[in-house]
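This is what each chain is made of:
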Amino acid sequence: MSSPDTLRAEIGRAAVTLGAPEDFAAVVERPRDPEFGEWSTNAAMLLARPLKQSPRDVATKLIAAMQLDAVGISAAEIAGPGFINFRIDTGSLTRILPEIIGRGDAYGRSDTGAGAPVVVEFVSANPTGPLHVGHGRQAALGDAISTMLQWTGWAVSREFYYNDGGGQINNLQKSVQLRAQQQAGHDVEFAENGYHGEYIREIAAAYRAQHANDVAIVDTDGIRRFAVAALRAEQDLDLKAFGVVFDCYYLESSLYTDGKVDTTVATLIGSGHTYEKDGALWLRTTDFGDDQDRVMKRSAEKGGEYTYFVPDVAYHVTKWERGFRRAINVQGSDHHSTVTRVRAGLQALGIGIPQGYPEYVLHQMVTVMRAGEEVKISKRAGSYVTVRDLIEEVGRDAVRYFFVMRKGDSQLVFDVDLARSQSEENPIYYIQMAHARLCGIFRVGEIDAASITGAGVDLSVLSEPEERELIKALADFPATLSGATMALEPHRLANWLEKTAALVHTWYHKHHVLNEPPAIMQARLVLAGASRVVLCNALTVLGLSAPERM
RNA sequence: GCGUCUGUAGCUCAGCUGGAUAGAGCGUCGGCCUCCGAAGCCGAAGGGCGCAGGUUCGACUCCUGUCAGGCGCACCA
């Protein structure tokens, strides 16, 4: 078997015999043009200067020093400014196919993470409204990243942090209370900065129906609990519709009740990084790279409460204490100022938490277009596009795919009308269609896919250019997955899926499987079976379904 | 003003740790169904990567400056 790793190692070994340093590392990659073979390296160009020879001379000697057979290379040639291109014969290339089928739904998995625990926090929406498109992007990214980590050997915990305390909740309670009082005929004016959404009226009505004894509608604690519970239930439905399942919901309020906030504050004070000014307690976050110090505890005239980031620091301490030596937070870039703040707080504690803890995956905002105009998302104004709206309009798979197909740090324009009207031309349909077609071969041929293992089949007949390209793409899946996981960039997997689906369609169109001579048919069934497995695995990792027919 | 992300084909976006003539989808134009699904395939036109410098054998990828846009800069969360 010829993997890029073994090839790279062999290049390194040969390079050392020519006088290269022991740690010499060349790049081994797929050349852009299949004419250039299966693998390519820039080793000779990197060595030219230190060895004081021309790249082509180095390349010649390098090839001579390599044991090509040992790493499955059938030919090596020098090209361009000094690239070395390697060719793999069809027999070696196709060896991956039975392996893919043998591993099945485990093909692509690796144990890089070695079972180490990692917590991925995402969505973490305040219970002050239904989930909107921004949360949708976060849910799609966070869930995909979590699954990618699982596939690469990490023990992942998906976590949702509930900000069920603080000013926004008070505002929610106030909004519901005022609506309820209005509905009861009280002469009260709605708060200017309250939440104007229709859902507030619904919750208010439900509260009145279930709490008739609160005639004056003044049980603020009861209203708060009711409103939070109602919105949590709503969000749960949103998440269910999206197919995201969390392992843990961590409540901000619990950090107060179990004393973790107080403990954290005490430790911070003990660390000597705090001071009092203007009646408030401050943390000197500028000691840890922040551009200004932050208030931990408001002055008495401002209410004397802790600011948001204190429980947030306490929360991250629990992640560390719960054994998560790795923590990843997926959040919108509108919160990126909290990154240095939280990390600074953790550093100030001086309890051995590393500087880069937690890691952040920040995504840019989602702009919603409807009827050719941008929909301003505002909880207060009540203009809203919820995750569930989107799912009902274009389907769960399409929503998830759209959110995951783009790099997180570029803004995303979600044109609802376009997504709906073009739903049949969606890239997700294109990809799923490739999978369904492969299934169709077995269905129409009345062949049990499980009977195709590749054992005893001469696969060297899979020598058509379209077949070699497809096989290479299938072989690249594990590396693509691990690379995407390392970078925490699911969109790389989406790009790979589109490319591979295109190769499947091209191959399917140009070469038939059924009704071909037995030797050809058997070999192609192996390729079809292996392709189906890999497409299914990649779709699964991104949280997408792999339909057998559409 | 400071920080941060982005600026690649008419539109929406890829381009992995710098590498060989810059890619895809949509749109436009033109072909392909007695054949495992035409929700598909094949081909054409179309950009030289915001702009200006620099480093390098080699830059869309790195550095500096600059222009434009998003987000952030509270004793809100």
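Here, the structure is the one placed above.
Rules used throughout
Residues numbered from 1 in each chain as written. Chains lettered and ligands numbered in written order. Predicted model: local features only at pLDDT ≥ 70, side-chain atom pairs only at ≥ 80, totals over all residues. Heavy atoms only, no water. 1 Å grid on protein atoms, 1.4 Å probe; cavity = no way out; pocket = protein on both sides within 12 Å on 5 of 7 lines; lining within 4 Å. Points joined across faces, edges and corners; volume = space filled by probe spheres on them. Helix = DSSP H or I, 4+ residues; strand = E, 2+ residues; numbered from the N terminus. Nonpolar A, V, L, I, M, F, W, Y, C, P; charged D, E, K, R; others polar. Domains from an automatic or database assignment. Pairing = 2+ DSSP bridges. Axes fitted to C-alpha atoms, helices over the stretch in contact; angles between N-to-C directions.

A. Main features of the layout of surface pockets. Empty space within the largest pocket amounts to approximately 1300 Å³. Lining the largest pocket are 47 residues, and of these N126, N163, Q168, Y308 and H335 lie nearest its centre. Among the elements of the structure, α6 (133–151), α7 (167–183), α10 (252–257), α12 (309–321), β11 (326–332), α13 (337–349) and β12 (359–363) are those that each provide at least two residues to the lining of the largest pocket. Counting residues per element, the lining of the largest pocket draws most heavily on α7, which supplies 5 residues. Broken down by class, the residue content of the lining of the largest pocket amounts to 16 nonpolar, 21 polar and 10 charged. For the second largest pocket, the calculated volume is near 1000 Å³. Forming the walls of the second largest pocket are 40 residues, and the residues nearest its centre are P4, W39, A475, D476 and A479. Every element with two or more residues in the lining of the second largest pocket is listed here: α1 (4–17), β1 (28–29), α4 (90–93), α5 (96–103), α18 (465–487) and α19 (491–510). Here the lining of the second largest pocket takes 10 residues from α18, the largest share from any one element. Two domains share the lining of the second largest pocket, each providing at least three of its residues, namely domain 1 (4–88) and domain 2 (96–112 + 426–541).

B. Molecular detail of the sheet that holds strand β13 (residues 366–370). The strand order across the open sheet built from 3 strands is β14-β13-β15, with neighbouring strands paired in mixed fashion. Edge positions in the open sheet fall to β14 (373–375) and β15 (412–415), since each of these has one partner strand only. The sheet shows a mean angle of 40 degrees between the axes of neighbouring strands, taken without regard to direction. Across 3 bridges, β13 lies against β14 in antiparallel orientation. Within β14, the residue paired with R370 across the bridge is E373.

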